[in-house]
Amino acid sequence: GASTIYRDVDFFALNNIYAPNANTAIAVRYGYNRFKDFSGNFPTFDAASLGLPAALVSAMTFNTFPNMTITGYNGVGNNGPTKATHTTQTANASVSRFMGSHTLKFGTEYRRIGASVMAYSSAAGAYTFTQAFTAANPTAAGGDAFASFLLGYPASGSIVSATPAQYLIDYYAGYVQDEFRVNPKLTFNYGVRYELEPGVREVNDHFTVGFDRSADFPFQVPGMTLKGGLMYAGQNGYPAQQGKSLNGAAPRGGVAWSLTNKDVIRGGYGFYWAPMQFSGIGETAMGRLGYTATTTYLSSTDGNRTPANSLNNPFPTGITLPQGNAKGLATGAGGVVDFVDPNSQAGRVQQFSVDYTRELPSGIAVSIGYSG
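Predicted model only: the values in this text are computed from it and were never measured.

About the criteria used
- Residues numbered from 1 in each chain as written.
- Predicted model: local features only at pLDDT ≥ 70, side-chain atom pairs only at ≥ 80, totals over all residues.
- Heavy atoms only, no water.
- Core = buried A, V, L, I, M, F, W, Y, C linked by side-chain atoms within 4.5 Å.
- Buried < 20%, exposed > 50% of the residue type's maximum accessible area, 1.4 Å probe, protein only.
- Helix = DSSP H or I, 4+ residues; strand = E, 2+ residues; numbered from the N terminus.
- Contact = heavy atoms within 4.5 Å.
- Pairing = 2+ DSSP bridges.
- Polar contact = N/O pair within 3.5 Å; in protein donor to acceptor, adjacent residues only side chain to side chain.
- Salt bridge = Lys/Arg side-chain N within 4 Å of Asp/Glu carboxyl O.

So, the nonpolar core
Counting 16 residues, the largest nonpolar core has L52, L56, M60, Y127, F129, I159 and F315 as the members making the most contacts within it. Breaking this core down by element, the ones donating at least two residues are α1 (54-59), β3 (67-70) and β6 (126-129). Those residues in contact with F315, other than ones at most four positions away along the chain, are L56, Y127, S158, I159, T295, T296 and Y297. Within the second largest apolar cluster, 14 residues are counted, among which are A84, A215, M231 and M286.

What follows is the structure, given as structure tokens:
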């Protein structure tokens, strides 16, 4: 079915410029921006009306019609929405001052970018129906997936229990810049910006910050030395942030030179730090193994000859709840683990350009330049 996104946006900004004298200007700014997303298919529905056990319905992190996939037919149900609140706060202050042939500027900046996320994918359960339980035997032709659906015998299924996450990135910067007018024909502009971005963190340390390849695995096999395990934020001396910190200077400069009243040469160079990039804010992309738990439906114990369970009580032993970092290095052993590279670093961008402009008759200007 179609998916709809609902977004509420709140923002405001404060800006004050103060000029204590004719040569000085001070600017102070603060901005706040928040938008809330609620996306997916989320009709009002009580799963208890389907006859599912009350204990199962109460354990759902989002109560809706479970997602039903029926081989050969259109499916029914809902996979669950995603709630995300994105918040950005920015504060900066700058001073500009004329000092003879110099215009000096300096200032500081602080930013906090945050995202609070709760994904309800398969929160009410997801089931797949095939012809397996309505065929003469598991290898025979015949049977019908819709008949299996009517009988309430899925071939596979699962239900997911998730926990909310709140991610934050803090950014600090300071800069100084000078515009030096050597004479009416020659001007230099140069400065440096220093930036610090410690990396992404989760408010409650509910994620991993990498994979420790040198750590001794909690369980050992005779004759082997097993190493490695997930690094949970703030545990066993591991950092609270993902990736390497952005921490360095970014110089830049330029020149404008009027050869004559019709010829100008301009050039410039700048070094810039690029923020770390992320593939998303989901459980896998952020390395949150342990903070989402999946309970798998047991369809059969004899090769789909007879059903072991049904939708009357699909998870008779209960729902597996998230274990967090309780298992430490042993989390995910024997399965697939996802984590963010602890050595990931901020990108570096260098830009430079030079161009020559000539004014021709009739007010026409022609330029030729090179940039990289």
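The rest of the description comes next.
A closer look at the pairing of β6
Strand direction decides the pairing type here: β3 and β6, joined by 4 bridges, are parallel. Following the sheet pairing, M68 is matched in β6 by Y127. Inspection of the sheet shows β6 paired to strand β7 (residues 156-162) by 3 bridges, in the antiparallel sense. Each residue of the ladder has a partner; that of T128, found in β7, is S156.

So, the side chain of R193
Here R193 shows up in strand β9 (residues 186-197). In this structure R193 comes out as buried when scored by relative accessible area, which is 16%. Side-chain polar atoms of R193 contact the side chain of E109, separated by 2.7 Å. In contact with R193, not counting residues within four places along its chain, are E109, Y171, A173, G174, Y175, G248, A249, A250 and R252.

Quick word on the pattern of salt bridges
Side-chain pairs of opposite charge can arise where the charged atoms are in close proximity. Counted by the stated rule, this structure contains 11 salt bridges. Its salt-bridge partner being D170, residue R112 comes within 2.8 Å of it at the nearest N-O pair. With R112 in strand β5 (residues 102-119) and D170 in strand β8 (residues 165-183), the pair connects residues that are 58 residues apart, well separated along the chain. A residue is classified by how much of its surface remains accessible, and R112, at 26% relative accessible area, is partly exposed. Residues E179 and R181 are paired through a salt bridge, measuring 3.5 Å at the closest nitrogen-oxygen approach.

Re the environment of Y232
Looking at where Y232 falls in the secondary structure, it is placed in strand β12 (residues 227-232). Residue class for Y232 comes out buried when judged on its relative accessible area of 2%. Along the sequence, Y232 and V209 sit 23 residues apart, while their C-alpha atoms lie 5.9 Å from each other. In this structure, Y232 is in contact with F207, T208, V209, Y238, L289, G290, Y291, G324, N325, G328 and T331, ignoring residues within four places of it in sequence. Here the side chain of Y232 touches L289 through a polar contact of 2.5 Å, landing on its backbone oxygen.

Regarding the pairing of β9
Sheet topology places β8 next to β9; 11 bridges connect them, and they run antiparallel. Pairing of F180 across the sheet is with F188, part of β9. Between β8 and the antiparallel strand that follows it, β9, lie 2 residues.

With respect to unusual backbone geometry
One non-glycine residue, N236, adopts positive backbone phi at about 55 degrees. For N236, the location among the structural elements is in the loop between β12 and β13 (241-242). What makes N236 exposed here is its relative accessible area of 66%. Even without a glycine there, the phi angle at S362 is positive, about 65 degrees.

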